[in-house]
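# Understanding the architecture of this molecule
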Amino acid sequence: MATYLLTWNPKRWPWNNLEECIVDIKQRGYYEDTWSCGRNTKIIKSDRVFLIWLGTEPKGICGSGWVTSKKFFEDIHWDEEKQKRGELARYIKLRFDKLLDPEHESILPRMALDQGILARMHWDSQTSGIS
């Protein structure tokens, strides 16, 4: 099992139903979704993923989950400008086991990720799918 970082910048992609997704996790224990995995082609079922909030403060880890698709798949790009050019994006299906709303809950702050063994990771990636 590998572990990957997924990114979320609310300035580029608003998550309008985040609160409903959080409620799903509280009620069912998970929330299933599809997420872009950047250029990564190695992500497979049962890999672990963590979601980092980027762009504006508070930055940090705000979610975790497991990949449920056998491998990545391509579909219409999530970015409207790239959609207009007919570009595709790579996606995975996943099951979030934890989601926090960084605007209303404490998340693992970005600064804490520079401590100890976590400092080995490049946390400021602007694209998902970093190993």
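Let me begin by describing the structure that accompanies this report. All of these numbers come straight from a predicted model, not from anything done at the bench.

Calculation rules
Residues numbered from 1 in each chain as written. Predicted model: local features only at pLDDT ≥ 70, side-chain atom pairs only at ≥ 80, totals over all residues. Heavy atoms only, no water. Helix = DSSP H or I, 4+ residues; strand = E, 2+ residues; numbered from the N terminus. Buried < 20%, exposed > 50% of the residue type's maximum accessible area, 1.4 Å probe, protein only. Contact = heavy atoms within 4.5 Å. Areas by Shrake-Rupley, 256 points an atom, 1.4 Å probe, with all protein chains shown as cover. Lys, Arg positive; Asp, Glu negative; His and termini not counted. Salt bridge = Lys/Arg side-chain N within 4 Å of Asp/Glu carboxyl O. Patch = residues over 30% accessible without salt bridge, like charges linked within 9 Å, V, L, I, M, F, W, Y side chains within 5 Å. 1 Å grid on protein atoms, 1.4 Å probe; cavity = no way out; pocket = protein on both sides within 12 Å on 5 of 7 lines; lining within 4 Å. Points joined across faces, edges and corners; volume = space filled by probe spheres on them. Nonpolar A, V, L, I, M, F, W, Y, C, P; charged D, E, K, R; others polar. Pairing = 2+ DSSP bridges.

## Notes on the overall build of the protein chain
Secondary structure assignment for the protein chain yields two helices and seven strands. Going from N to C terminus, the protein chain has its helices and strands arranged as β-α-β-β-β-β-α-β-β. In terms of overall dimensions, the protein chain has a C-alpha envelope of 40 × 35 × 30 Å along the principal axes. Counting every position in the protein chain, which comprises 131 residues, the buried fraction comes to 40%. Expressed as a percentage of contacts within the protein chain between residues at least 6 apart in sequence, the contacts between residues at least 24 apart total 70%. Per element, the accessible surface of the protein chain, about 8000 Å² overall, is 50% carbon and sulfur.

## Looking at the environment of W8
Counting through the fold element by element, W8 comes out in strand 1 (residues 3–8). You can call W8 buried: its relative accessible area is 5%. Sequence spacing of W8 and A119 is 111 residues, and the spatial spacing of their C-alpha atoms is 20 Å. Each residue touching W8, except ones within four places of it in the same chain, is listed here: W13, W15, L18, W35, L51, I52, W53, L54, C62 and P102.

## Thoughts on the side chain of D33
Examined against the element boundaries, D33 turns out to sit in strand 2 (residues 31–36). For the buried D33, which has no salt bridge, the nearest side chain bearing the opposite charge is K93, at an N-O separation of 8.3 Å. Those residues within four positions of D33 in sequence are excluded, and the remaining contacts are W15, I92, K93, L94 and F96.

## Let's talk about a nonpolar patch on the surface
Together, L108, I117 and L118 make up an exposed nonpolar region whose accessible area comes to about 270 Å². Turning to its location among the elements, L108 is positioned in strand 7 (residues 108–109). Judged by relative accessible area, which is 39%, L108 ranks as partly exposed.

## Points about the layout of surface pockets
For the second largest pocket, the calculated volume is near 160 Å³. Lining the second largest pocket are T3, Y4, L5, F50, I61, L108, L113, L118, M121, W123 and S131. Of the residues contributing to the lining of the second largest pocket, the split by class is nine nonpolar, two polar and no charged.

## Structural notes on the environment of K45
The residue K45 is located in the loop between strand 2 and strand 3 (48–53) in this model. With relative accessibility at 49%, the residue K45 sits in the partly exposed group. Here K45 is in contact with V67, T68, S69 and K70, once residues within four sequence places are set aside.

## A word on the pairing of strand 6 (residues 88–99)
Bridge analysis of strand 2 against strand 6 gives six bridges, and the strand direction is antiparallel. What sits directly across from T34, in strand 6, is K93. Alignment of strand 4 (residues 60–67) against strand 6, held across five bridges, turns out to be antiparallel. Bridge pairing links G63 to L99 in strand 6. In this structure, strand 5 (residues 73–76) lies alongside strand 6, joined through four bridges in antiparallel fashion. Among the inter-strand pairings, I76 is bridged to a residue of strand 6, identified as L88.

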